[in-house]
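Descriptive analysis of the structure
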Amino acid sequence: MNFDLQRNVSLKRFNTFGVEALARHFVRIDSMAQLAELRAHPLWSEGPRLIIGGGSNLLLTRDFEGLVVQIAITGRDLARVEDSDWVVQAGAGENWDSFVRWTLASGWPGLENLALIPGSVGAAPIQNIGAYGVELKDRFDALEGMDVETGQVVTLNKEQCRFGYRDSIFKGDLKSRIVITGIRFRLPKNWQAVLDYGDIRSELTQRHLTQPSAQDVADIVTAIRRAKLPDPAVIGNAGSFFKNPVVLAEQHSLLKTHHPGLVSYSQPDGGFKLAAAWLIDQCGWKGRSLDGRAAVHDRQALVLVNRGGASGADILALAHAVQDNVRQRFEVELEPEPVIV
Ligand SMILES: Cc1cc2nc3c(=O)[nH]c(=O)nc-3n(C[C@H](O)[C@H](O)[C@H](O)COP(=O)(O)OP(=O)(O)OC[C@H]3O[C@@H](n4cnc5c(N)ncnc54)[C@H](O)[C@@H]3O)c2cc1C
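Presented here is a report on the structure given in the accompanying data block. Note that the structure is a prediction, hence the values are computed from the model and not measured.

Structural notes on the packing of aromatic side chains
As enumerated under the stated definition, the model contains 11 aromatic pairs in all. On the numbers, 6.2 Å between centres and 55° between planes, the contact of Phe 17 with Phe 241 is tilted. With Phe 17 in the loop between strand E1 (6–10) and strand E2 (22–29) and Phe 241 in the loop between strand E13 (236–240) and strand E14 (246–247), this residue pair connects regions lying 224 residues apart in the sequence. On the basis of relative accessibility, which here comes to 1%, the residue Phe 17 falls in the buried class. Among the residues examined, Phe 241 registers a relative accessible area of 0% and is labelled buried. Pairing Phe 241 with Phe 242 gives two aromatic rings, centres 5.1 Å apart and planes at 70°, and the pair type is edge-to-face. Here the aromatic residues Trp 96, Phe 99, Trp 102, Trp 108 and Phe 185 are joined through ring pairs into a cluster of three or more. Sitting over the ring of Tyr 165, Lys 273 keeps its end group 3.6 Å from the ring centre.

A word on the site of the ligand
By nearness alone, 34 residues border the ligand, and Ile 51, Gly 53, Gly 54, Ser 56 and Ser 120 come closest of all. One of the side-chain nitrogen or oxygen atoms of Gln 127 is found 3.0 Å away from an oxygen atom of the ligand. Between a nitrogen atom of the ligand and a main-chain N or O atom of Gly 130, the distance comes to 2.8 Å. Against a free-state accessible area of 980 Å², the protein chains account for coverage of 93% of the ligand. In terms of residue class, the shell around the ligand is made up of 18 nonpolar, 13 polar and 3 charged.

Section: the side chain of Asp 314
Note on placement: Asp 314 falls in helix H9 (residues 312–330). Leaving out residues up to four positions away in the same chain, Asp 314 has contacts with Asp 291, Arg 293, Ala 294 and Gly 309.

What to know about the pairing of strand E7 (residues 85–91)
Of all 7 residues in E7, 6 are buried; the element is thus mostly enclosed. Hairpin connection between strand E6 (residues 76–81) and E7: a loop of 3 residues separates the two successive antiparallel strands.

Here's the deal with the layout of surface pockets
In this model, the second largest pocket occupies a volume close to 230 Å³. Lining the second largest pocket are 16 residues, and of these Gln 89, Glu 144, Thr 181, Gly 182 and Ile 183 sit closest to its centre. Elements that contribute at least two residues to the lining of the second largest pocket include exactly E6, E7, strand E10 (140–147) and strand E12 (178–188). For the lining of the second largest pocket, the element with the most residues is E12, which contributes 4 residues. Grouping the amino acids of the lining of the second largest pocket by side-chain chemistry returns 6 nonpolar, 6 polar and 4 charged.

Remarks on the sheet that holds E7
One open sheet accounts for 5 strands, arranged E6-E7-E12-E10-E11; its pairing is antiparallel. Each end of this open sheet is capped by a strand with a single partner; those strands are E6 and strand E11 (153–157). Sheet twist, expressed as the average angle between the axes of neighbouring strands with direction ignored, equals 25°. Here E10 runs beside E11; their pairing, made up of 5 bridges, is antiparallel. Bridged to Gly 145 within E11 is Val 154. Contacts between helix H1 (residues 32–39) and the sheet are confined to E10, E11 and E12, with E10 contributing the most and set at about 35° to the helix.

What counts, and at which threshold
- Residues numbered from 1 in each chain as written.
- Predicted model: local features only at pLDDT ≥ 70, side-chain atom pairs only at ≥ 80, totals over all residues.
- Heavy atoms only, no water.
- Phe/Tyr/Trp six-rings, centres within 6.5 Å; stacked < 30°, edge-to-face > 60°.
- Helix = DSSP H or I, 4+ residues; strand = E, 2+ residues; numbered from the N terminus.
- Buried < 20%, exposed > 50% of the residue type's maximum accessible area, 1.4 Å probe, protein only.
- Lys NZ or Arg CZ within 6 Å of the ring centre and 35° of its normal.
- Near = heavy atom within 4 Å.
- Polar contact = N/O pair within 3.5 Å; in protein donor to acceptor, adjacent residues only side chain to side chain.
- Areas by Shrake-Rupley, 256 points an atom, 1.4 Å probe, with all protein chains shown as cover.
- Nonpolar A, V, L, I, M, F, W, Y, C, P; charged D, E, K, R; others polar.
- Contact = heavy atoms within 4.5 Å.
- Pairing = 2+ DSSP bridges.
- 1 Å grid on protein atoms, 1.4 Å probe; cavity = no way out; pocket = protein on both sides within 12 Å on 5 of 7 lines; lining within 4 Å.
- Points joined across faces, edges and corners; volume = space filled by probe spheres on them.
- Axes fitted to C-alpha atoms, helices over the stretch in contact; angles between N-to-C directions.

Okay, here's the thing in structure tokens:
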């Protein structure tokens, strides 16, 4: 056996909420060959399985009575150079932010707006990570993984992944079916900075930058994120806990009549994306807690935090209370972003 199967492992350091939960069995996988071997092991089919990377989009509400598999496959390099793109690849277990910084240092721009997002490369397609006007899908070429039902190694291109807003086929038809082992990215030679989102422009003005490099953009995004978002190393959290809900034009105009301050963004399909943080803030949740342990962050209403000693169930109870309030006041359903186990 080429892997180290452990019993009754605490998952506290494997989830950025920092909640306590035990894994009945835990294993770290470093290669596709190990994954194939694990799939043939009796424990694989004995009970439930949970694949994890960095645990930064995960809410563990109970002990896990099955097998937790951490994908730790590393490696990154330039796969090929095409007329219009650099094609770069990385193992699923690479740290996302380190990978982004490596591409920038190598002179391949394109991922700078996604700097400082926690977690692994392999988890990035699951919810099509996005920040500051760029989503994974904008730079994605293809991924490799194992179809765990058949044991086949599969390659999926962008269309096959059916990326959407914080969404992909891995949350739908292929849920729990593909273990991602590596990803290829297309980084454009004809790069153009994406600057029209959040506070990027005002930061550029402050720094007297008119023609920012990709590294400048990464530095700015990093600075804005550090100022706005709580650091999981200091206070447990999983970033935004709720997706921004998308409503039809009719509902949007009704909401706008009753709540003129509503913050929303029109969508190409005619719908409107509502700022979930605004809805939550309007219900008075910023900085509030039900039990003193799980709380809504005091500067960012979209982020739920573990002030210390919260269980996953405490955080889930808080999330439900926030959802109930928003539903009563706005008739809008908030959908959680992290995977709840
Ligand atoms: C402070 C903070 C800020 C954040 N900001 C953002 C942001 O700006 N934008 C954004 O989109 N997200 C953000 N997130 C969420 C999170 O960082 C991303 O979703 C990230 O991609 C999760 O990576 P992970 O390795 O930690 O995944 P995990 O939490 O370990 O897993 C998440 C899901 O992916 C699955 N999974 C993980 N690895 C694999 C694999 N190799 N194959 C198949 N399935 C897999 C898991 O089963 C689970 O369903 C933030 C989180 C935090 C804590």
